[in-house]
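A closer look at the structure
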Amino acid sequence: MQKLILFSSILFFIPFVCSSKFERGTIKIPLKNYNDVLYTEIMVASTAMRVLINTGSSEFWVPGKGCDLSWCQGKRTFDSSKSRSYKPTNRTFVSEFGGSAVEGPVGMDDIGMFTVFLKAMEFGQALKTRQSIMYLHYDGSLGLGPQAESSVGTSFLQRLVDSKLIDTPVYSFSLEEKIGTLYLGSEGAYQGQLVWSRVVREDRWQIKAENITLGDTGLCSPSTCQIEFNTAVEITLAPPEDATKLFTLLGAQDTQGSTIKSVDCKLVPSFPDLVFSVGGSKISLTPADYVTRQKMWKKELCWLSITAYEGIDRWVIGATEHKTLHVVYDFGKKAVGLAHAL
């Protein structure tokens, strides 16, 4: 479920009341945003790595020395023999990644990420996978999922809490087109008030929705009215039956060689809002949020940043909509807070 197509959404500005909760004990991590792929720099012992900021997993892994070159060629790899602080664990890990899985040994070493330093952090050294990362802009994955323990061991988030590096067990994002910030220990700044919902899965930031509507038309069924927040996915994924309803209402057309649907740019201003009813409140995306405009060969084209994805029973909100929706991840209470981004 990793790679589909890369798009960016357009922020829609409305009058708002700004709320902000930047507590003491907040850690600010600068992010790079490459077409809604979020990554940052991290040091594993003395090895510099780029890691995907992945809210869809709780595992932290990087390519290990000896990884299969069919998937890790050109990537920076971790060589445990060159680190005096490395400790083996005699364990292995398996982590879902890109519709496949990565696996390899688990070790412990010191890691540094801007102002964060953790000694003897458990991490996976990926040696096998069927998903190539050769052409991606990162080497490994830093999992920010809700689990305190994963197949690798104690999660990065739990280590922050155990080490008392943050005062509050929450995190949030502030994203722009090419850069962003990850706020560890802070709800961040947003419009209005947060709407909170408890997660319904231990391993995902997945919540229950009362409804998902386009205008007056309901899109989800009782079995698909759930929403996962996953920054490892660029755009929004929907169950095929829900997506088909949306495509029909918007007159969306197939795009050759892609799962992405196009729409008539002239009609976009008349499109209704996409509304997520959660926690007794309604969070809306305007047409400017879920339609991407792009000029090609002096012609304007419009694409939906929502696509159908086979085999899922929930909506998945990817990195694109994190520029429009302000999402707060509370790994203490295992809850998600939603508001409109600044």
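Residues numbered from 1 in each chain as written. Predicted model: local features only at pLDDT ≥ 70, side-chain atom pairs only at ≥ 80, totals over all residues. Heavy atoms only, no water.

**Some words on the confidence of the model for the protein**
- Overall, the prediction assigns the protein a mean pLDDT of 91, with 93% of residues at 70 or greater.
- Confidence drops under pLDDT 50 across residues 1-22; counting only partners more than four residues distant or on other chains, this segment forms 90 contacts. (pLDDT = per-residue confidence, 0-100. Contact = heavy atoms within 4.5 Å.)

**Topic: the nonpolar core**
- Among the nonpolar cores identified, the biggest contains 71 residues, and F156 and L274 are the most heavily contacted of them.
- Ignoring anything within four residues of it in the chain, the contact list for L274 reads I212, T213, L214, L219, L246, I283, S284, L285, Y290, I306 and W315.
- Core analysis: the next-biggest nonpolar cluster, separate from the first, contains 17 residues, W61, V102, L136 and A232 among them. (Core = buried A, V, L, I, M, F, W, Y, C linked by side-chain atoms within 4.5 Å. Buried < 20%, exposed > 50% of the residue type's maximum accessible area, 1.4 Å probe, protein only.)

**Here we look at the sheet that holds strand β19 (residues 253-255)**
- With antiparallel pairing, four strands are arranged side by side in an open sheet as β19-β20-β24-β23. The open sheet has two edge strands with one neighbour each: β19 and β23 (291-296). Between one strand axis and the next, the sheet turns by 45 degrees as a mean value, whatever way the strands run.
- When β23 meets strand β24 (residues 299-304), the two strands line up antiparallel, connected through six bridges. (Pairing = 2+ DSSP bridges. Helix = DSSP H or I, 4+ residues; strand = E, 2+ residues; numbered from the N terminus. Axes fitted to C-alpha atoms, helices over the stretch in contact; angles between N-to-C directions.)

**Considerations on the packing of aromatic side chains**
- Tallying each qualifying case throughout the model produces twelve aromatic pairs.
- Ring centres of Y86 and F123 lie 6.4 Å apart, and the angle between their planes is 70 degrees; on these two criteria the pair is classed as edge-to-face. A residue pair is termed long-range when its members are at least 10 positions apart, and Y86 in the loop between α1 (69-72) and β6 (87-97) and F123 in strand β8 (residues 116-126) qualify at 37 residues.
- With relative accessibility at 16%, the residue Y86 sits in the buried group.
- Overall, the relative accessible area of 0% leaves F123 in the buried class. (Phe/Tyr/Trp six-rings, centres within 6.5 Å; stacked < 30°, edge-to-face > 60°.)

**Focus: the sheet that holds strand β22 (residues 281-285)**
- Pairing in this open sheet of four strands is antiparallel, and the strands run β16-β15-β21-β22 from one edge to the other. This sheet does not close on itself; its edge strands, each paired only once, are β16 (217-218) and β22.
- For strand β21 (residues 274-278) and β22, the ladder comprises five bridges, and the chain directions are antiparallel. Opposite F276, over in β22, you have I283 as the bridge partner.

**So, the pattern of salt bridges**
- Tallied over the entire structure, the rule returns twelve salt bridges.
- As a salt-bridge pair, D79 and K65 come within 3.4 Å of each other at their nearest N and O atoms. A residue pair is termed long-range when its members are at least 10 positions apart, and D79 in the loop between α1 and β6 and K65 in the loop between β5 (60-63) and α1 qualify at 14 residues.
- Owing to a relative accessible area of 56%, K65 belongs among the exposed residues under this scheme.
- Across the pair R314 and E228 runs a salt bridge, and its minimum N-O distance is 2.7 Å. On the criterion of sequence distance, the pair formed by R314 in the loop between β25 (306-308) and β26 (315-317) and E228 in strand β17 (residues 226-229) is long-range, its members being 86 residues apart.
- Residue classification places E228 among the buried positions, given a relative accessible area of 2%. (Salt bridge = Lys/Arg side-chain N within 4 Å of Asp/Glu carboxyl O.)

**A short note on empty space enclosed by the protein**
- Taken as a whole, this structure holds one cavity of 30 Å³ or more when the rule is applied.
- Considered as a void within the structure, the largest cavity measures approximately 30 Å³ in volume.
- Forming the boundary of the largest cavity are I227, F229, F276, I283, I317, L325 and L338.
- Split into classes, the residues belonging to the lining of the largest cavity amount to seven nonpolar, no polar and no charged. (1 Å grid on protein atoms, 1.4 Å probe; cavity = no way out; pocket = protein on both sides within 12 Å on 5 of 7 lines; lining within 4 Å. Points joined across faces, edges and corners; volume = space filled by probe spheres on them. Nonpolar A, V, L, I, M, F, W, Y, C, P; charged D, E, K, R; others polar.)

**Some details on the state of the cysteines**
- Applying the stated criterion across every chain yields a total of three disulfides.
- Through a disulfide, C220 is tied to C225; the S-S separation comes to 1.7 Å. Judged by the sign of its S-S torsion, about 60 degrees, the cystine formed by C220 and C225 is right-handed.
- The buried category is assigned to C220, whose relative accessible area is 12%.
- Two residues, C265 and C302, share a disulfide whose sulfurs are 2.1 Å apart. Because the torsion about its S-S bond is 120 degrees, the bridge between C265 and C302 counts as right-handed. With a gap of 37 residues between them, C265 in the loop between β20 (258-263) and β21 and C302 in strand β24 connect regions that are remote in the sequence. Each of the two residues, C265 as well as C302, counts as buried.
- Each bonded cysteine in the protein gets a number by its place in the sequence, and the pairs come out as 1-2, 3-4, 5-6. (Disulfide = S-S within 2.5 Å.)

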